[in-house]
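Descriptive structure summary
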Amino acid sequence: RMRRKLLDTLSDGVYELVHSFHSDSAVCFALFLNQLYDGTHDWNTRARSPQDLLSCAEKVIAIVTSVGREEGAADDAAG
């Protein structure tokens, strides 16, 4: 369930770009790409500062943590 919720946050452009979501690392990489995606034609080739990339990584961690907590809370309530 958690993977499905994470994939639901992806833009169509990023979802279509990633070929497989079978591993957790692939899902996390897609979430990272999604933070970079802005709909422009050069979104995936444009230079980014280290601070911008760090910010994207931190956002991915926050998203995964938030969805994990939601799923944990749902499992606890059902249990």
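For the structure, check the block above.
Residues numbered from 1 in each chain as written. Predicted model: local features only at pLDDT ≥ 70, side-chain atom pairs only at ≥ 80, totals over all residues. Heavy atoms only, no water.

As a further point, take the packing of aromatic side chains. Counted under the stated rule, the structure contains 2 aromatic pairs. Consider the rings of tyrosine 15 and phenylalanine 21, whose centres lie 5.0 Å apart with planes at 25 degrees: the pair is stacked. Judged by relative accessible area, tyrosine 15 falls into the partly exposed class, the value being 43%. Owing to a relative accessible area of 13%, phenylalanine 21 belongs among the buried residues under this scheme. (Phe/Tyr/Trp six-rings, centres within 6.5 Å; stacked < 30°, edge-to-face > 60°. Buried < 20%, exposed > 50% of the residue type's maximum accessible area, 1.4 Å probe, protein only.)

Looking at the secondary structure, you find glutamate 71 in helix α4 (residues 50-78). Residue class for glutamate 71 comes out buried when judged on its relative accessible area of 8%. At a separation of 2.9 Å, a polar atom in the side chain of glutamate 71 contacts the side chain of lysine 5. Residues contacting glutamate 71, with those up to four places away along its chain left out, are Arg1, Met2 and Lys5. (Helix = DSSP H or I, 4+ residues; strand = E, 2+ residues; numbered from the N terminus. Polar contact = N/O pair within 3.5 Å; in protein donor to acceptor, adjacent residues only side chain to side chain. Contact = heavy atoms within 4.5 Å.)

With that out of the way, let us pick up the pattern of salt bridges. Tallying each qualifying case throughout the model produces 6 salt bridges. Between lysine 5 and glutamate 70 there is a salt bridge whose closest N-O contact spans 3.8 Å. With lysine 5 in helix α1 (residues 2-8) and glutamate 70 in helix α4, this residue pair connects regions lying 65 residues apart in the sequence. A relative accessible area of 37% places lysine 5 in the partly exposed class. By relative accessible area, which is 42% here, glutamate 70 ends up partly exposed. A salt bridge links aspartate 42 to arginine 46; its shortest N-O distance comes to 3.2 Å. Connected via shared salt-bridge partners are Arg1, Lys5, Glu70 and Glu71. (Salt bridge = Lys/Arg side-chain N within 4 Å of Asp/Glu carboxyl O.)

A separate point is the environment of valine 14. Tracing the backbone through its elements, the reader meets valine 14 in helix α2 (residues 12-17). For valine 14, a relative accessible area of 0% corresponds to the buried category. For the pair valine 14 and isoleucine 61, spaced 47 residues apart in sequence, the C-alpha to C-alpha distance is 18 Å. Sequence-distant contacts of valine 14, defined by excluding residues within four places in its chain, comprise Ala30, Leu33, Asn34, Tyr37 and Trp43.

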